[in-house]
Amino acid sequence: MKFFVLLLSVLFFFSACASQKRAVVVSTKELPSWYKNPPKSSPLTLYSVGEGESKEEAVGIALSSMASTLSVSISSEFKTKSVVREGAVESYQSTSVNEVQSDVNKVRISNYEVVEAEEFGFKKFIVLVKSDKKKLFESLKKELDQEFSLTQNRETLNAIKQLNMYEEQKKSLENVPNTLMVMSVLDERFDSASYIKKIKEMDEKHEKLLNSISFSIESDSESQNLTAALQKGLSAKKIIIKEGSGKNHFKITLSSKIEKASSYGFVLARSAITITTKDVSGAIIGSNKLNITGQSTQGYDIAKESIAIKLNEMIKKEGIEKVLGLEL
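> Now, about unusual backbone geometry: what can you tell me, with residues and values included?
Located in the positive-phi region is K238, a residue other than glycine, with phi close to 65°. Checked against the element boundaries, K238 lands in the loop between α9 (227-236) and β5 (240-241). With relative accessibility at 62%, the residue K238 sits in the exposed group. Look at Y264: it is not a glycine, yet its phi comes out positive at around 50°. Accessibility expressed as a relative area gives 82% for Y264, which makes it exposed.

Structure, rendered in structure tokens:
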């Protein structure tokens, strides 16, 4: 009994001690004033804050916010003009304004300064960035001029390579109209006409070259049912299919070796297809080898037809360029 009484006394003692422990209060860190009340953007300088799991992410979010500020200014101007010039209804204006904002947000702001940066807890960084409007304008103009300089002096003997270069250039210049809008907001004196003219000239050159290129397709007896799939793939790229000559005409040659087999009630047609593209001088500019197996329960001819179906599916999935072994 004495042992149990002693044990209970010890338990009561530790319970009393535990009940007297005070709860530890962790004070919440207060956000700095530069984050809660960041400097307001002025006619000369843009300011923006951002938060992220790393400093780099926080800066990226701050720059996106800065671009959004510019897009709101551009959208407001666009909306005013749409009312005056078009008499557009409100729903049209709202849709167009959203599209303008979305496009302007794609513009990369590369000229900026991180004014403040602080680690504010576990995986939480906050930053304040600023960008001088004049320097930002100059950096955007420099990048734009560099992009256009790459589009010059790209003439080549091979029209296919030249066409591919035009395609790459058009992709690299997709955001130019958005950049021009931002530059117009940063500097009201900026005239974008010369850049718009360059884009138009490049589009015209691309269209002219595309219309001058033609392909013809030759095949052996085993490959005749495959030509339609290639014609369809080339037509989707707006390539002209016709007999022709000249430096911008190219010839595709198709040849196939097909072996008949059978397996589990299916008739198989195992094909080894060779595709070669040559220029007017006979030089090979693209080639590929494909192994496609057709199958059918209805006979060998149907199995061979399934090869053409599979080739057509391959072109849809991988593109006519990869099938031909050629850049278009």
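Structure's up, so let's keep going.
> I'd like a rundown of the packing of α9 against helix α10 (residues 300-318), residues and numbers included.
Where α9 meets α10, the closest approach of the two axes is 9 Å, and the angle between their N-to-C directions is 20°. In this view, α9 runs roughly parallel relative to α10, as classed from their interaxial angle. The element α9 and its partner α10 pack so that their crossing is right-handed. For the pair α9 and α10, the contacting residues are A229, L230, K232 and G233 in the first and A308, L311, N312, I315 and K316 in the second. Tallied by class, residues from the contact of α9 with α10 come to five nonpolar, two polar and two charged.

> Describe the sheet that holds strand β6 (residues 249-263), listing the residues and the values that go with them.
Strand order across the open sheet formed by five strands is β5-β4-β6-β7-β8, with mixed pairing between neighbours. Bordering the open sheet on either side are β5 and β8 (284-296), each of which pairs with just one other strand. Relative to β5, strand β4 (residues 214-219) runs parallel, the two sharing two bridges. Its bridge partner being in β5, S214 is matched across the sheet by I240. Contacts from α9 reach β4, β5 and β6, with the element oriented near 170° to β4.

> How would you explain the side chain of S131 if you had to name every residue and give the values?
Residue placement: S131 occurs in strand β3 (residues 125-132). Here N111 takes part through its backbone oxygen, which lies 2.7 Å from a polar atom of the side chain of S131. The contact partners of S131, leaving out residues within four places of it in the chain, are L44, T45, L46, M66, N111, Y112 and L136.

Rules behind the numbers
- Residues numbered from 1 in each chain as written.
- Predicted model: local features only at pLDDT ≥ 70, side-chain atom pairs only at ≥ 80, totals over all residues.
- Heavy atoms only, no water.
- Helix = DSSP H or I, 4+ residues; strand = E, 2+ residues; numbered from the N terminus.
- Buried < 20%, exposed > 50% of the residue type's maximum accessible area, 1.4 Å probe, protein only.
- Axes fitted to C-alpha atoms, helices over the stretch in contact; angles between N-to-C directions.
- Parallel < 35°, antiparallel > 145°, perpendicular 65-115°, else oblique.
- Left-handed = near helix turned anticlockwise from the far one by under 90°.
- Contact = heavy atoms within 4.5 Å.
- Nonpolar A, V, L, I, M, F, W, Y, C, P; charged D, E, K, R; others polar.
- Pairing = 2+ DSSP bridges.
- Polar contact = N/O pair within 3.5 Å; in protein donor to acceptor, adjacent residues only side chain to side chain.

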